[in-house]
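Structural overview for review
Next come the chains, spelled out residue by residue.
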Amino acid sequence: MKTKSSDPVHGIGIDTGGTYTDAVLEATHRKIADAIVAYAFSKQTGKSIKAFSTDDQGVLLFSCNFKLDVPIVNPIVAASTALAYAFEWPIVLLRMGIGYILAVFIGILMGRLFAGSMAVKDNDAVQEKGASSWGCHHHTHGEGCFETTQTFPVLVKQAGNTTACGCGNSHSTWVDWIDKSGAAFTHAMDDFLAVGHYLVIGAFIAALAQTYIDRSIFLSLASAPVVSVMLMMALAILLNLCSEADAFIAASFQGLMPISAQMAFLLTGPMFDLKLLLMYQSVFKRRAIVVLASLILATVLVIAVGLEMINGVLQ
Amino acid sequence: MKSPEEHLKRWLHPIVFAIWTGFLIYLLASQRYVTFLRPEFGLLLAAAHFVAMGFMLAAMIRPKMAWMDVSSILRALVLLIPVLYFVAMPDTMLGNQAFKKRFIGVSDGAVNRQSAPTFFTQESENNPNGKVPQDTLQERTILEIFLNPNRYKGQRVIVRGMILRDEKLKQYFGGKDMAVYRFLINCCAADALPLAIALDSDQADTFDNDQWVKVDGIFDLQQIGGKPVPTFLKPHIKAVEKPAVPYLF
(Lines give C-alpha, C1' and ligand atoms only; values in the text may rest on other atoms or scores of the structure.)
Protein backbone atom coordinates (compact mmCIF):
# COMPACT_ATOMS: atom_id res chain seq x y z
CA MET A 1 0.00 0.00 0.00
CA LYS A 2 1.36 3.35 -0.94
CA THR A 3 1.63 5.47 2.11
CA LYS A 4 2.10 9.12 2.64
CA SER A 5 2.88 10.96 5.76
CA SER A 6 1.76 14.50 5.60
CA ASP A 7 2.86 17.15 7.99
CA PRO A 8 0.66 20.16 7.47
CA VAL A 9 1.94 22.02 10.48
CA HIS A 10 5.42 22.06 9.07
CA GLY A 11 4.00 22.77 5.68
CA ILE A 12 5.28 19.53 4.28
CA GLY A 13 3.22 16.96 2.48
CA ILE A 14 5.67 14.43 1.22
CA ASP A 15 6.07 10.78 0.61
CA THR A 16 8.15 9.58 3.50
CA GLY A 17 8.36 6.01 2.45
CA GLY A 18 6.94 4.92 5.78
CA THR A 19 3.70 3.16 6.64
CA TYR A 20 0.83 4.67 8.47
CA THR A 21 1.35 2.40 11.37
CA ASP A 22 4.93 3.59 11.49
CA ALA A 23 3.56 7.04 11.90
CA VAL A 24 2.39 6.01 15.33
CA LEU A 25 6.01 5.69 16.36
CA GLU A 26 6.65 9.23 15.26
CA ALA A 27 4.09 10.61 17.61
CA THR A 28 5.89 11.82 20.64
CA HIS A 29 8.53 14.11 19.27
CA ARG A 30 6.13 15.38 16.65
CA LYS A 31 3.75 16.38 19.42
CA ILE A 32 6.42 18.53 20.92
CA ALA A 33 7.49 20.05 17.63
CA ASP A 34 3.94 20.74 16.56
CA ALA A 35 3.06 22.25 19.88
CA ILE A 36 6.07 24.55 19.68
CA VAL A 37 5.08 25.67 16.20
CA ALA A 38 1.50 26.16 17.33
CA TYR A 39 2.62 28.11 20.35
CA ALA A 40 4.93 30.34 18.33
CA PHE A 41 2.26 30.82 15.71
CA SER A 42 -0.30 31.73 18.32
CA LYS A 43 2.07 34.25 19.85
CA GLN A 44 2.54 35.82 16.46
CA THR A 45 -1.12 36.08 15.56
CA GLY A 46 -2.75 36.37 18.94
CA LYS A 47 -5.01 33.35 18.44
CA SER A 48 -5.24 30.53 20.94
CA ILE A 49 -3.38 27.34 20.09
CA LYS A 50 -6.50 25.25 19.79
CA ALA A 51 -8.01 27.76 17.40
CA PHE A 52 -5.62 26.67 14.69
CA SER A 53 -6.24 24.05 12.15
CA THR A 54 -3.08 22.45 10.83
CA ASP A 55 -4.29 23.44 7.38
CA ASP A 56 -4.57 27.07 8.35
CA GLN A 57 -2.91 29.07 5.61
CA GLY A 58 -1.53 31.28 8.32
CA VAL A 59 0.93 28.49 8.88
CA LEU A 60 2.24 29.30 5.43
CA LEU A 61 2.86 32.83 6.58
CA PHE A 62 4.63 31.59 9.65
CA SER A 63 6.72 29.04 7.77
CA CYS A 64 7.66 31.63 5.12
CA ASN A 65 8.78 34.05 7.80
CA PHE A 66 10.70 31.31 9.53
CA LYS A 67 12.29 29.94 6.37
CA LEU A 68 13.39 33.31 5.03
CA ASP A 69 14.47 34.77 8.36
CA VAL A 70 16.50 32.03 9.94
CA PRO A 71 19.34 31.76 7.39
CA ILE A 72 20.05 35.49 7.65
CA VAL A 73 19.02 36.62 11.11
CA ASN A 74 21.05 34.49 13.48
CA PRO A 75 24.19 35.07 15.55
CA ILE A 76 26.45 32.83 13.47
CA VAL A 77 25.68 34.67 10.26
CA ALA A 78 26.06 38.00 12.06
CA ALA A 79 29.46 36.94 13.34
CA SER A 80 30.66 35.61 9.98
CA THR A 81 29.47 38.75 8.20
CA ALA A 82 31.25 40.92 10.76
CA LEU A 83 34.42 38.88 10.34
CA ALA A 84 34.29 38.94 6.56
CA TYR A 85 33.75 42.70 6.48
CA ALA A 86 36.40 43.47 9.08
CA PHE A 87 33.79 44.42 11.66
CA GLU A 88 32.07 47.05 9.57
CA TRP A 89 28.96 47.01 11.72
CA PRO A 90 26.75 49.01 9.33
CA ILE A 91 27.07 46.13 6.85
CA VAL A 92 26.13 43.58 9.52
CA LEU A 93 23.19 45.64 10.76
CA LEU A 94 21.98 46.27 7.24
CA ARG A 95 22.06 42.57 6.41
CA MET A 96 20.28 41.54 9.59
CA GLY A 97 17.77 44.39 9.51
CA ILE A 98 16.85 44.22 5.85
CA GLY A 99 16.80 40.41 5.96
CA TYR A 100 14.34 40.46 8.85
CA ILE A 101 12.09 43.09 7.30
CA LEU A 102 12.08 41.33 3.94
CA ALA A 103 11.18 38.00 5.52
CA VAL A 104 8.28 39.47 7.48
CA PHE A 105 7.08 41.44 4.47
CA ILE A 106 7.22 38.47 2.11
CA GLY A 107 5.64 36.17 4.70
CA ILE A 108 2.70 38.53 5.18
CA LEU A 109 2.27 38.94 1.43
CA MET A 110 2.38 35.18 0.87
CA GLY A 111 -0.15 34.69 3.64
CA ARG A 112 -2.49 37.20 2.04
CA LEU A 113 -1.98 36.08 -1.55
CA PHE A 114 -2.71 32.45 -0.70
CA ALA A 115 -5.37 33.06 1.92
CA GLY A 116 -8.03 31.32 -0.12
CA SER A 117 -6.01 28.72 -1.94
CA MET A 118 -3.63 25.98 -1.01
CA ALA A 119 0.03 26.74 -1.51
CA VAL A 120 1.33 23.57 0.08
CA LYS A 121 1.37 20.24 -1.71
CA ASP A 122 -0.75 17.34 -0.42
CA ASN A 123 -1.78 19.32 2.56
CA ASP A 124 -4.83 17.20 3.26
CA ALA A 125 -3.29 13.81 2.72
CA VAL A 126 -3.87 12.89 6.32
CA GLN A 127 -7.54 13.56 6.15
CA GLU A 128 -7.92 11.78 2.82
CA LYS A 129 -6.21 8.70 4.07
CA GLY A 130 -7.83 8.81 7.46
CA ALA A 131 -4.51 8.76 9.17
CA SER A 132 -2.60 11.00 11.45
CA SER A 133 1.07 11.14 12.13
CA TRP A 134 0.67 11.71 15.82
CA GLY A 135 -0.90 9.61 18.46
CA CYS A 136 0.04 7.14 21.12
CA HIS A 137 2.78 4.74 20.23
CA HIS A 138 1.25 2.01 22.37
CA HIS A 139 -1.64 1.47 20.06
CA THR A 140 -1.87 0.27 16.58
CA HIS A 141 -3.45 2.50 14.02
CA GLY A 142 -7.10 3.12 14.69
CA GLU A 143 -7.00 2.14 18.32
CA GLY A 144 -7.23 4.12 21.52
CA CYS A 145 -6.03 7.65 21.57
CA PHE A 146 -4.88 7.47 18.00
CA GLU A 147 -8.47 7.87 16.99
CA THR A 148 -8.58 11.36 18.32
CA THR A 149 -8.47 13.99 15.65
CA GLN A 150 -7.37 16.95 17.65
CA THR A 151 -5.79 19.56 15.47
CA PHE A 152 -2.79 20.33 17.59
CA PRO A 153 -1.77 17.92 20.28
CA VAL A 154 -1.80 19.33 23.76
CA LEU A 155 1.19 18.75 25.98
CA VAL A 156 -0.74 18.27 29.20
CA LYS A 157 -2.04 15.19 30.92
CA GLN A 158 -5.64 14.52 30.20
CA ALA A 159 -7.99 13.45 32.96
CA GLY A 160 -7.47 9.82 33.84
CA ASN A 161 -4.31 9.45 31.85
CA THR A 162 -1.12 8.53 33.60
CA THR A 163 1.31 9.54 30.93
CA ALA A 164 2.14 12.65 29.06
CA CYS A 165 1.32 11.00 25.78
CA GLY A 166 -2.25 10.84 26.88
CA CYS A 167 -2.80 7.21 25.96
CA GLY A 168 -3.80 6.06 29.39
CA ASN A 169 -1.25 3.24 29.45
CA SER A 170 1.34 3.29 32.16
CA HIS A 171 4.95 2.82 31.23
CA SER A 172 8.27 3.56 32.84
CA THR A 173 10.11 6.78 32.16
CA TRP A 174 13.10 4.84 30.88
CA VAL A 175 11.05 2.93 28.33
CA ASP A 176 9.36 6.18 27.43
CA TRP A 177 12.69 7.84 26.83
CA ILE A 178 13.87 5.04 24.55
CA ASP A 179 10.58 5.06 22.67
CA LYS A 180 10.73 8.80 22.26
CA SER A 181 14.32 8.69 21.02
CA GLY A 182 13.44 5.94 18.58
CA ALA A 183 10.41 7.86 17.37
CA ALA A 184 12.49 11.00 16.97
CA PHE A 185 15.14 9.21 14.92
CA THR A 186 12.54 7.41 12.81
CA HIS A 187 10.74 10.62 12.00
CA ALA A 188 13.96 12.53 11.33
CA MET A 189 15.11 9.69 9.09
CA ASP A 190 11.87 9.78 7.11
CA ASP A 191 12.20 13.53 6.68
CA PHE A 192 15.78 13.13 5.59
CA LEU A 193 14.86 10.44 3.07
CA ALA A 194 12.10 12.68 1.76
CA VAL A 195 14.27 15.73 1.08
CA GLY A 196 17.87 14.49 1.21
CA HIS A 197 18.04 13.75 -2.50
CA TYR A 198 17.14 17.36 -3.25
CA LEU A 199 20.18 18.43 -1.26
CA VAL A 200 22.46 16.09 -3.19
CA ILE A 201 21.08 17.15 -6.57
CA GLY A 202 21.27 20.80 -5.50
CA ALA A 203 24.88 20.35 -4.43
CA PHE A 204 25.62 18.72 -7.78
CA ILE A 205 24.15 21.68 -9.67
CA ALA A 206 26.04 24.07 -7.42
CA ALA A 207 29.27 22.19 -8.14
CA LEU A 208 28.64 22.53 -11.87
CA ALA A 209 28.03 26.25 -11.46
CA GLN A 210 31.19 26.65 -9.38
CA THR A 211 33.17 24.73 -11.99
CA TYR A 212 31.98 26.49 -15.12
CA ILE A 213 31.04 30.03 -14.10
CA ASP A 214 33.85 32.51 -14.42
CA ARG A 215 33.42 35.09 -11.69
CA SER A 216 35.56 37.67 -13.44
CA ILE A 217 32.90 37.89 -16.17
CA PHE A 218 30.62 39.41 -13.57
CA LEU A 219 33.12 42.20 -12.98
CA SER A 220 33.15 43.28 -16.61
CA LEU A 221 29.54 44.45 -16.30
CA ALA A 222 29.84 45.84 -12.81
CA SER A 223 30.02 49.47 -13.88
CA ALA A 224 26.34 49.59 -14.84
CA PRO A 225 24.53 50.33 -11.56
CA VAL A 226 21.42 48.15 -11.66
CA VAL A 227 23.15 45.51 -13.75
CA SER A 228 25.76 44.92 -11.05
CA VAL A 229 23.00 44.28 -8.51
CA MET A 230 21.25 41.85 -10.83
CA LEU A 231 24.51 40.08 -11.62
CA MET A 232 25.33 39.57 -7.97
CA MET A 233 21.83 38.26 -7.34
CA ALA A 234 22.31 35.82 -10.21
CA LEU A 235 25.67 34.79 -8.79
CA ALA A 236 24.10 34.15 -5.37
CA ILE A 237 21.46 31.93 -6.96
CA LEU A 238 24.00 29.98 -8.97
CA LEU A 239 26.65 29.46 -6.28
CA ASN A 240 24.26 28.03 -3.65
CA LEU A 241 26.48 29.05 -0.76
CA CYS A 242 25.51 28.67 2.87
CA SER A 243 24.76 31.91 4.66
CA GLU A 244 27.64 31.40 7.10
CA ALA A 245 30.16 31.48 4.25
CA ASP A 246 28.68 33.77 1.62
CA ALA A 247 29.83 36.95 3.37
CA PHE A 248 33.44 36.00 2.68
CA ILE A 249 32.69 35.67 -1.02
CA ALA A 250 30.76 38.93 -1.04
CA ALA A 251 33.62 40.65 0.79
CA SER A 252 36.03 39.50 -1.91
CA PHE A 253 34.11 41.78 -4.28
CA GLN A 254 34.86 44.83 -2.14
CA GLY A 255 36.37 47.52 -4.28
CA LEU A 256 35.20 45.69 -7.40
CA MET A 257 31.43 45.83 -6.95
CA PRO A 258 29.32 48.51 -5.23
CA ILE A 259 28.14 47.75 -1.71
CA SER A 260 24.55 47.61 -2.92
CA ALA A 261 25.44 44.72 -5.23
CA GLN A 262 27.24 42.95 -2.38
CA MET A 263 24.18 43.43 -0.19
CA ALA A 264 21.98 41.99 -2.94
CA PHE A 265 24.26 38.93 -2.96
CA LEU A 266 24.05 38.61 0.85
CA LEU A 267 20.25 38.89 0.88
CA THR A 268 19.38 36.74 -2.14
CA GLY A 269 21.46 33.63 -1.49
CA PRO A 270 20.02 32.60 1.88
CA MET A 271 16.45 33.08 0.67
CA PHE A 272 16.58 31.73 -2.83
CA ASP A 273 19.04 29.64 -4.83
CA LEU A 274 18.97 26.54 -7.02
CA LYS A 275 19.17 24.17 -4.11
CA LEU A 276 16.32 25.90 -2.30
CA LEU A 277 14.29 25.95 -5.50
CA LEU A 278 14.45 22.15 -5.57
CA MET A 279 13.57 22.00 -1.90
CA TYR A 280 10.63 24.34 -2.38
CA GLN A 281 9.33 22.06 -5.10
CA SER A 282 8.98 19.26 -2.60
CA VAL A 283 6.80 21.42 -0.39
CA PHE A 284 5.02 24.19 -2.29
CA LYS A 285 2.86 24.15 -5.37
CA ARG A 286 4.34 25.66 -8.51
CA ARG A 287 2.31 28.85 -8.34
CA ALA A 288 3.41 29.47 -4.78
CA ILE A 289 7.04 28.94 -5.74
CA VAL A 290 6.78 31.37 -8.64
CA VAL A 291 5.17 33.98 -6.40
CA LEU A 292 7.64 33.42 -3.59
CA ALA A 293 10.66 33.61 -5.92
CA SER A 294 9.29 36.71 -7.63
CA LEU A 295 8.67 38.42 -4.32
CA ILE A 296 12.14 37.62 -3.04
CA LEU A 297 13.93 38.74 -6.19
CA ALA A 298 11.82 41.86 -6.69
CA THR A 299 12.11 43.07 -3.11
CA VAL A 300 15.86 42.44 -2.95
CA LEU A 301 16.32 44.25 -6.25
CA VAL A 302 14.29 47.22 -5.05
CA ILE A 303 16.16 47.36 -1.74
CA ALA A 304 19.57 47.08 -3.41
CA VAL A 305 18.78 49.71 -6.03
CA GLY A 306 17.47 51.91 -3.23
CA LEU A 307 20.75 51.45 -1.39
CA GLU A 308 22.59 52.36 -4.54
CA MET A 309 20.58 55.55 -4.84
CA ILE A 310 21.51 56.59 -1.33
CA ASN A 311 25.09 55.65 -2.01
CA GLY A 312 27.53 57.55 0.09
CA VAL A 313 25.97 56.54 3.36
CA LEU A 314 27.98 53.34 3.32
CA GLN A 315 30.93 54.14 1.11
CA MET B 1 11.21 -17.15 2.19
CA LYS B 2 11.46 -13.49 1.37
CA SER B 3 11.86 -12.41 -2.20
CA PRO B 4 14.82 -10.23 -3.29
CA GLU B 5 12.38 -7.37 -3.65
CA GLU B 6 11.32 -7.73 -0.03
CA HIS B 7 14.95 -7.86 1.06
CA LEU B 8 15.61 -4.69 -0.91
CA LYS B 9 12.68 -2.94 0.72
CA ARG B 10 13.74 -4.10 4.16
CA TRP B 11 17.43 -3.36 3.94
CA LEU B 12 17.99 -0.54 1.43
CA HIS B 13 17.64 2.29 3.92
CA PRO B 14 19.69 0.61 6.66
CA ILE B 15 22.43 -0.08 4.09
CA VAL B 16 22.42 3.51 2.82
CA PHE B 17 22.83 4.83 6.35
CA ALA B 18 25.40 2.15 7.22
CA ILE B 19 27.49 3.26 4.23
CA TRP B 20 27.22 6.88 5.33
CA THR B 21 28.15 5.96 8.90
CA GLY B 22 31.22 4.08 7.69
CA PHE B 23 32.13 6.87 5.29
CA LEU B 24 31.97 9.50 8.02
CA ILE B 25 34.06 7.35 10.36
CA TYR B 26 36.63 6.93 7.58
CA LEU B 27 36.75 10.67 6.91
CA LEU B 28 37.23 11.42 10.59
CA ALA B 29 39.77 8.68 11.28
CA SER B 30 41.86 9.47 8.21
CA GLN B 31 41.42 13.24 8.55
CA ARG B 32 40.59 13.29 4.85
CA TYR B 33 37.76 15.71 5.42
CA VAL B 34 40.24 18.58 5.55
CA THR B 35 40.49 18.30 1.77
CA PHE B 36 37.11 19.98 1.54
CA LEU B 37 36.17 21.18 5.01
CA ARG B 38 37.54 23.41 7.74
CA PRO B 39 39.35 21.22 10.34
CA GLU B 40 37.28 22.51 13.25
CA PHE B 41 34.17 21.21 11.53
CA GLY B 42 35.32 17.66 12.23
CA LEU B 43 33.15 17.95 15.33
CA LEU B 44 30.12 18.42 13.11
CA LEU B 45 31.08 15.34 11.11
CA ALA B 46 31.41 13.41 14.35
CA ALA B 47 27.90 14.50 15.30
CA ALA B 48 26.69 13.63 11.80
CA HIS B 49 28.15 10.17 12.17
CA PHE B 50 26.06 9.58 15.29
CA VAL B 51 22.97 10.84 13.49
CA ALA B 52 23.65 8.51 10.54
CA MET B 53 24.09 5.65 12.98
CA GLY B 54 20.81 6.56 14.67
CA PHE B 55 19.07 6.59 11.30
CA MET B 56 20.57 3.23 10.46
CA LEU B 57 19.31 1.71 13.72
CA ALA B 58 15.91 3.34 13.29
CA ALA B 59 15.65 1.90 9.79
CA MET B 60 16.73 -1.54 11.04
CA ILE B 61 14.37 -1.85 13.97
CA ARG B 62 11.44 -0.36 12.15
CA PRO B 63 8.57 -2.81 12.76
CA LYS B 64 7.14 -2.57 9.28
CA MET B 65 8.85 -2.48 5.94
CA ALA B 66 9.06 0.96 4.43
CA TRP B 67 6.83 1.39 1.45
CA MET B 68 9.01 1.65 -1.62
CA ASP B 69 8.67 2.08 -5.35
CA VAL B 70 11.26 2.71 -8.05
CA SER B 71 11.22 6.41 -7.32
CA SER B 72 11.95 5.99 -3.63
CA ILE B 73 14.70 3.46 -4.39
CA LEU B 74 16.33 5.95 -6.76
CA ARG B 75 16.02 8.70 -4.18
CA ALA B 76 17.75 6.53 -1.62
CA LEU B 77 20.52 5.72 -4.10
CA VAL B 78 20.99 9.41 -4.91
CA LEU B 79 22.07 9.83 -1.30
CA LEU B 80 25.08 7.67 -2.05
CA ILE B 81 26.39 9.85 -4.90
CA PRO B 82 28.69 11.95 -2.65
CA VAL B 83 30.23 8.76 -1.26
CA LEU B 84 30.74 7.33 -4.76
CA TYR B 85 32.29 10.60 -5.90
CA PHE B 86 34.78 10.55 -3.05
CA VAL B 87 35.65 6.90 -3.66
CA ALA B 88 36.12 7.52 -7.40
CA MET B 89 38.28 10.61 -6.95
CA PRO B 90 39.82 10.48 -3.50
CA ASP B 91 42.69 12.87 -4.21
CA THR B 92 40.74 15.55 -6.00
CA MET B 93 41.39 19.05 -4.78
CA LEU B 94 40.96 22.56 -6.08
CA GLY B 95 43.63 23.52 -8.59
CA ASN B 96 44.36 25.90 -11.42
CA GLN B 97 40.98 25.37 -13.10
CA ALA B 98 39.19 26.49 -9.96
CA PHE B 99 41.67 29.34 -9.61
CA LYS B 100 40.91 30.66 -13.08
CA LYS B 101 37.17 30.55 -12.47
CA ARG B 102 37.28 32.10 -9.01
CA PHE B 103 40.09 34.65 -9.16
CA ILE B 104 38.82 38.19 -9.55
CA GLY B 105 42.05 40.05 -8.90
CA VAL B 106 43.53 41.51 -5.77
CA SER B 107 40.66 43.31 -4.09
CA ASP B 108 41.04 45.23 -0.84
CA GLY B 109 38.43 42.95 0.66
CA ALA B 110 39.82 39.60 -0.45
CA VAL B 111 41.07 38.86 3.02
CA ASN B 112 39.72 40.95 5.83
CA ARG B 113 39.81 38.69 8.83
CA GLN B 114 40.20 39.83 12.40
CA SER B 115 40.36 43.49 11.51
CA ALA B 116 43.57 42.67 9.78
CA PRO B 117 45.33 45.48 7.99
CA THR B 118 44.66 45.40 4.28
CA PHE B 119 47.04 46.36 1.54
CA PHE B 120 46.21 49.97 2.22
CA THR B 121 47.23 50.14 5.87
CA GLN B 122 50.61 51.42 6.77
CA GLU B 123 51.82 49.56 9.81
CA SER B 124 51.51 46.38 11.76
CA GLU B 125 49.97 46.24 15.20
CA ASN B 126 52.89 44.38 16.74
CA ASN B 127 55.59 46.08 14.83
CA PRO B 128 55.30 49.82 14.52
CA ASN B 129 58.03 49.85 11.93
CA GLY B 130 55.96 47.50 9.84
CA LYS B 131 58.92 45.21 9.20
CA VAL B 132 59.61 41.62 10.08
CA PRO B 133 63.00 41.12 11.78
CA GLN B 134 65.34 39.14 9.51
CA ASP B 135 66.63 37.03 12.39
CA THR B 136 63.14 35.58 12.81
CA LEU B 137 62.91 34.51 9.17
CA GLN B 138 60.83 31.41 8.81
CA GLU B 139 58.29 29.98 6.43
CA ARG B 140 55.05 31.98 6.31
CA THR B 141 51.70 31.18 4.80
CA ILE B 142 50.31 33.27 1.98
CA LEU B 143 47.44 34.12 4.31
CA GLU B 144 49.83 35.59 6.90
CA ILE B 145 51.31 37.80 4.21
CA PHE B 146 47.88 38.90 2.99
CA LEU B 147 46.86 39.78 6.53
CA ASN B 148 49.97 41.89 7.17
CA PRO B 149 51.35 42.81 3.76
CA ASN B 150 53.11 45.96 4.87
CA ARG B 151 54.90 44.09 7.59
CA TYR B 152 56.56 41.88 5.02
CA LYS B 153 57.09 44.49 2.31
CA GLY B 154 60.71 44.58 1.25
CA GLN B 155 61.51 41.57 3.41
CA ARG B 156 62.77 38.13 2.50
CA VAL B 157 59.91 35.69 2.90
CA ILE B 158 59.46 31.96 2.35
CA VAL B 159 56.05 30.58 1.39
CA ARG B 160 54.67 27.30 0.14
CA GLY B 161 52.04 27.08 -2.57
CA MET B 162 51.16 25.93 -6.04
CA ILE B 163 52.52 27.32 -9.27
CA LEU B 164 50.22 28.82 -11.84
CA ARG B 165 51.23 30.14 -15.23
CA ASP B 166 48.42 31.63 -17.28
CA GLU B 167 47.88 34.49 -19.68
CA LYS B 168 44.86 35.58 -17.66
CA LEU B 169 47.12 36.59 -14.78
CA LYS B 170 48.71 39.37 -16.82
CA GLN B 171 45.71 41.65 -16.46
CA TYR B 172 45.88 41.40 -12.67
CA PHE B 173 49.64 41.28 -12.12
CA GLY B 174 50.94 43.99 -14.42
CA GLY B 175 51.99 41.72 -17.25
CA LYS B 176 53.37 38.91 -15.12
CA ASP B 177 51.84 35.56 -16.01
CA MET B 178 53.15 33.50 -13.10
CA ALA B 179 52.04 33.27 -9.51
CA VAL B 180 52.24 31.11 -6.43
CA TYR B 181 48.82 30.53 -4.91
CA ARG B 182 46.76 28.68 -2.33
CA PHE B 183 43.07 28.53 -1.52
CA LEU B 184 41.62 30.03 1.64
CA ILE B 185 38.63 28.14 3.02
CA ASN B 186 36.24 29.74 5.49
CA CYS B 187 33.71 26.91 5.72
CA CYS B 188 34.13 24.42 2.90
CA ALA B 189 35.57 24.10 -0.58
CA ALA B 190 32.52 25.84 -2.04
CA ASP B 191 33.65 29.16 -0.59
CA ALA B 192 37.38 28.68 -1.26
CA LEU B 193 39.07 31.92 -2.29
CA PRO B 194 42.32 31.90 -4.24
CA LEU B 195 45.17 33.95 -2.74
CA ALA B 196 47.98 34.58 -5.18
CA ILE B 197 51.33 36.35 -5.17
CA ALA B 198 52.88 37.22 -8.51
CA LEU B 199 56.32 35.80 -9.32
CA ASP B 200 58.81 38.07 -11.01
CA SER B 201 60.97 35.22 -12.22
CA ASP B 202 61.84 33.11 -15.23
CA GLN B 203 62.57 30.09 -13.11
CA ALA B 204 58.90 29.19 -12.81
CA ASP B 205 58.99 28.18 -16.47
CA THR B 206 60.43 24.87 -15.37
CA PHE B 207 57.42 24.01 -13.21
CA ASP B 208 54.06 22.67 -14.27
CA ASN B 209 50.81 24.22 -13.15
CA ASP B 210 49.70 23.06 -9.70
CA GLN B 211 53.21 21.87 -8.83
CA TRP B 212 53.77 22.45 -5.11
CA VAL B 213 56.77 24.68 -4.54
CA LYS B 214 58.57 26.59 -1.85
CA VAL B 215 59.25 30.18 -2.87
CA ASP B 216 62.05 32.13 -1.19
CA GLY B 217 62.29 35.75 -2.24
CA ILE B 218 61.78 39.42 -1.50
CA PHE B 219 58.13 40.31 -1.01
CA ASP B 220 57.00 43.58 -2.50
CA LEU B 221 53.80 45.52 -3.07
CA GLN B 222 54.04 46.93 -6.57
CA GLN B 223 51.66 49.69 -7.56
CA ILE B 224 49.90 48.63 -10.74
CA GLY B 225 46.94 50.61 -11.97
CA GLY B 226 46.69 52.37 -8.63
CA LYS B 227 46.43 49.10 -6.73
CA PRO B 228 49.09 47.38 -4.67
CA VAL B 229 49.90 43.99 -6.19
CA PRO B 230 51.71 41.42 -4.03
CA THR B 231 54.84 40.23 -5.83
CA PHE B 232 57.92 38.13 -5.15
CA LEU B 233 61.04 39.70 -6.61
CA LYS B 234 63.76 37.36 -7.92
CA PRO B 235 62.48 34.38 -6.00
CA HIS B 236 64.24 31.07 -5.64
CA ILE B 237 61.70 28.33 -6.36
CA LYS B 238 62.07 24.73 -5.27
CA ALA B 239 59.68 21.83 -5.85
CA VAL B 240 58.30 20.30 -2.65
CA GLU B 241 55.82 17.63 -1.64
CA LYS B 242 52.14 18.45 -1.35
CA PRO B 243 51.38 19.32 2.29
CA ALA B 244 49.02 17.17 4.32
CA VAL B 245 46.56 20.06 4.52
CA PRO B 246 46.59 21.80 1.15
CA TYR B 247 44.27 24.66 2.03
CA LEU B 248 44.57 27.66 4.31
CA PHE B 249 41.90 28.26 6.92
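Notes on the structure in this doc start here. (Residues numbered from 1 in each chain as written. Chains lettered and ligands numbered in written order. Predicted model: local features only at pLDDT ≥ 70, side-chain atom pairs only at ≥ 80, totals over all residues. Heavy atoms only, no water.)

1. Points about the pairing of strand β5 (residues 212-224) of chain B
All names here are of chain B. Bridge count for strand β2 (residues 156-165) against β5 is seven bridges, and the pairing is antiparallel. Opposite V159, over in β5, you have V215 as the bridge partner. The antiparallel hairpin formed by β5 and strand β6 (residues 227-239) contains two residues in its connecting segment, where G225 sits at a positive phi of about 60°. (Pairing = 2+ DSSP bridges. Helix = DSSP H or I, 4+ residues; strand = E, 2+ residues; numbered from the N terminus.)

2. Looking at a nonpolar patch on the surface
All names here are of chain B. Taken together, the side chains of W11, I15, I19, L57, M60 and I61 present a nonpolar region at the surface, about 550 Å² in accessible area. Only α1 (4-30) and α2 (42-61) provide two or more residues apiece to the nonpolar patch. If you trace the backbone, I19 turns up in helix α1. The partly exposed category is assigned to I19, whose relative accessible area is 34%. (Patch = residues over 30% accessible without salt bridge, like charges linked within 9 Å, V, L, I, M, F, W, Y side chains within 5 Å. Areas by Shrake-Rupley, 256 points an atom, 1.4 Å probe, with all protein chains shown as cover. Salt bridge = Lys/Arg side-chain N within 4 Å of Asp/Glu carboxyl O. Buried < 20%, exposed > 50% of the residue type's maximum accessible area, 1.4 Å probe, protein only.)

3. Here we look at the pattern of salt bridges
Residue and element names in this part refer to chain B. Taken as a whole and assessed by the stated rule, the structure comprises ten salt bridges over all chains. Of the charged contacts, one joins D166 and K100 as a salt bridge, the two residues approaching to 3.3 Å between their closest N and O atoms. Here K100 lies in helix α5 (residues 96-102) and D166 lies in the loop between β2 and β3 (178-184), a separation of 66 residues in the sequence. Between R160 and E139 there is a salt bridge, with the nearest N and O atoms lying 3.0 Å from each other. With R160 in strand β2 and E139 in strand β1 (residues 139-140), this residue pair connects regions lying 21 residues apart in the sequence. Of the residues examined, E139 reaches a relative accessible area of 33% and is grouped as partly exposed.

4. A short note on the side chain of H197 of chain A
Structurally, H197 of chain A is set in helix α7 (residues 173-212). Taking the relative accessible area as the measure of exposure, H197 of chain A reaches 7% and is therefore buried. Apart from the residues lying within four places of it in its own chain, the contact partners of H197 of chain A are R75, V78 and L79 of chain B. (Contact = heavy atoms within 4.5 Å.)

5. Quick look at the pairing of β3 of chain B
Both faces of the sheet carry side chains from a regular strand, because those side chains alternate between them. Residue and element names in this part refer to chain B. By the criterion of burial, β3 is predominantly enclosed, with seven of the seven residues buried. On β3, burial covers both faces: M178, V180, R182 and L184 on one face and A179, Y181 and F183 on the other are all buried. For β2 and β3, the ladder comprises four bridges, and the chain directions are antiparallel. Across the sheet, I163 pairs through a bridge with V180, a residue of β3. As paired elements, β3 and strand β4 (residues 193-200) share six bridges and run antiparallel to each other. Among the inter-strand pairings, R182 is bridged to a residue of β4, identified as L195.

6. Examining the packing of aromatic side chains
Residue and element names in this part refer to chain B. Under the criterion given, the structure shown has 15 aromatic pairs over all chains. Plain terms: the ring middles of F103 and Y172 are 5.1 Å apart, the flat faces sit at 90° to each other, and that makes the pair edge-to-face. Pair noted here: F103 is in the loop between α5 and β1 and Y172 is in the loop between β2 and β3, with a separation of 69 residues, a long-range link. In this structure, F103 and Y172 share a single accessibility class: buried. These aromatic residues form a ring-pair network of at least three members: F99, F103, Y172, F173, Y181 and F183. The ring of W11 has R10 sitting right over it, with the charged end atom 5.4 Å from the ring centre. (Phe/Tyr/Trp six-rings, centres within 6.5 Å; stacked < 30°, edge-to-face > 60°. Lys NZ or Arg CZ within 6 Å of the ring centre and 35° of its normal.)

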